[in-house]
Amino acid sequence: MRAAVCREFGRPLAIENVGLGALGPRDVHVAVAACAVCHSDIHFAEGAWGGYLPAVYGHEAAGVVAAVGADVDDLDVGAHVVVSLIRSCGTCRQCRKGNHVFCETRFSADETERLRGESGEDIRAEMLCGAFAEEVIVDRSQVVAIPDDIDWAVASLLACGVITGVGAVTNTSSADEHSTVVVVGAGGVGLNTIQGAALVGANVIIAIDLAEEKLAIAKEFGATHAATPDEARAMIAEATGGAKGVSHVFVTVGSAPAIASALRYIEPGGELVNLGMPASNNQIEIDPVIIAAVGHRIIGSKMGTSQISRDIPRLIDHYRQGRLKLDELVTATYRLDEINEAIAAVGDGSVIRNVVLMDG
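Residues numbered from 1 in each chain as written. Predicted model: local features only at pLDDT ≥ 70, side-chain atom pairs only at ≥ 80, totals over all residues. Heavy atoms only, no water.

Caption draft 1: Spatial organisation of the overall build of the chain. For the chain, the helix and strand inventory stands at eleven helices and 18 strands. A compact globule built from 360 residues should have a C-alpha radius of gyration of about 21 Å, and the chain, at 20 Å, falls within 12% of that. With the C-alpha coordinates aligned to their principal axes, the bounding extent of the chain is approximately 65 × 40 × 40 Å. Sequence separation of 24 or more characterises 69% of the internal contacts of the chain that already satisfy a separation of 6 or more. Only carbon and sulfur atoms are counted for the fraction: they give 49% of the accessible area of the chain, which is about 15300 Å². (Helix = DSSP H or I, 4+ residues; strand = E, 2+ residues; numbered from the N terminus. Rg over C-alpha atoms; globule rule 2.2 N^0.38 Å. Contact = heavy atoms within 4.5 Å. Areas by Shrake-Rupley, 256 points an atom, 1.4 Å probe, with all protein chains shown as cover.)

Here it is as structure tokens:
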């Protein structure tokens, strides 16, 4: 049995004993050391995208390999790893195109619930992880070995927030050193999007957020300019020397109105990349003749279109070279039994990332 944080209708997250299923041939059993609190976990637990209860959430984790399945011959027990929700077979049509986040294969873990309560009831390991817990079992494709000297809290961020933000720029978009960029939202994912824009050498990076304190932080992460939404159009004109917009806009907040507003920031031929995940059934109105007439491209970016076995080592290299801030993303750490406090702080927007440490 392992300690895990579960969610059921009508009551808050609570510590429970949860049993793990048997280890399959491609499975990796990880003793979780740290799991960051992502807004997506909160939205899922609150029912924004449907789902099932009771469930264990948490998908941004790092830990130590405790055991491996019979077919796993490239990962040693004791290895330090990042645990991601990206599960990929490597051979389906989408994986062959490099779109690991859209893998079409159904895994054995999808056929049955992997977790059981003390009375034998099914518990969902949500977002393919269930890492608000002391232990997880995931597919081999979901883990990436990392150097032993990387801090656990920092390592956990690589599983989602960092690859989502940086990858939206470096993998999904066409942004390069000639680009002018607007990033809407200066939260955790937004700051990493700003870092991605800096990594590709974008010459103008404008952060837009409602909170002045977040705009100040955005400049520390690489933004060249910062503005509130009311100031955005004037700031774009000033920063670009009077251009009609920027070449790339990245929307990192889960807000349909923010996406609609961001369309006004793009120059002819420009690109809007949406990373934000609003609750289901939100809609915006777009006049298609304008999209065609000015050649706008509107694309989505899921998990930064990441291939974690390629991207996480690359991000660690950037971190070691001082080109990527990771330590500065961690606002506070909490014990597992303090997770409600950690989530409350994330929910009110006062932190970049809170991290739950399983050993306190």
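Caption draft 2: View of the nonpolar core. If you look at the biggest cluster of nonpolar residues, it comprises 93 residues, and the most contacted ones within it are Val162 and Ile312. Per-element accounting of this core gives the leading share, seven residues, to strand S3 (residues 27-37). Those residues in contact with Val162 that sit more than four places away from it in its chain are Leu157, Gly167, Asn192, Leu315, Leu324, Leu326 and Leu329. In terms of nonpolar packing, the next biggest core, distinct from the first, is built from 20 residues, Val204, Val246, Val249 and Ala262 among them. (Core = buried A, V, L, I, M, F, W, Y, C linked by side-chain atoms within 4.5 Å. Buried < 20%, exposed > 50% of the residue type's maximum accessible area, 1.4 Å probe, protein only.)

Caption draft 3: How the structure looks around a negative patch on the surface. A cluster of acidic side chains, namely Asp151, Glu220, Asp327 and Glu328, defines a negative patch on the protein surface. Along the chain, the position of Glu328 falls in the loop between helix H10 (308-320) and strand S17 (330-335). Look at Glu328 and you get partly exposed, because its relative accessible area is 42%. (Patch = residues over 30% accessible without salt bridge, like charges linked within 9 Å, V, L, I, M, F, W, Y side chains within 5 Å. Salt bridge = Lys/Arg side-chain N within 4 Å of Asp/Glu carboxyl O. Lys, Arg positive; Asp, Glu negative; His and termini not counted. Charge placed at Lys NZ, Arg CZ, Asp CG, Glu CD.)

Caption draft 4: Geometry of the side chain of His100. For His100, the location among the structural elements is in the loop between helix H2 (93-96) and strand S7 (115-116). Take His100: its relative accessible area is 15%, and that puts it in the buried class. When near neighbours in sequence (up to four residues on either side) are disregarded, His100 contacts Ile86, Arg87, Ser88, Cys95, Ser306 and Gln307.

Caption draft 5: Representation of the packing of aromatic side chains in the model. Enumeration over the complete set of coordinates arrives at one aromatic pair. For the ring pair Phe44 and Tyr57, a centre distance of 6.4 Å and an interplane angle of 40° mean the geometry is tilted. Of this pair, Phe44 sits in helix H1 (residues 39-45) while Tyr57 sits in the loop between strand S4 (55-56) and strand S5 (61-68), placing them 13 residues apart in sequence. Each of the two residues, Phe44 as well as Tyr57, counts as buried. Its end group placed over the ring of Phe107, Arg87 keeps NZ or CZ at 5.4 Å from the ring centre. (Phe/Tyr/Trp six-rings, centres within 6.5 Å; stacked < 30°, edge-to-face > 60°. Lys NZ or Arg CZ within 6 Å of the ring centre and 35° of its normal.)

Caption draft 6: Structural detail: empty space enclosed by the protein. Evaluation of the coordinates by the stated rule reveals one cavity of 30 Å³ or more. Estimated volume of the largest cavity: approximately 40 Å³. Along the walls of the largest cavity sit Glu60, Leu157, Gly161, Val162, Gly188, Val189, Asn192, Leu329, Ile352 and Arg353, which together make up its complete lining. It is helix H5 (residues 188-199) that contributes the most residues to the lining of the largest cavity, three residues altogether. Of the residues belonging to the lining of the largest cavity, the class tally is five nonpolar, three polar and two charged. (1 Å grid on protein atoms, 1.4 Å probe; cavity = no way out; pocket = protein on both sides within 12 Å on 5 of 7 lines; lining within 4 Å. Points joined across faces, edges and corners; volume = space filled by probe spheres on them. Nonpolar A, V, L, I, M, F, W, Y, C, P; charged D, E, K, R; others polar.)

Keep in mind these values describe shape, not function.
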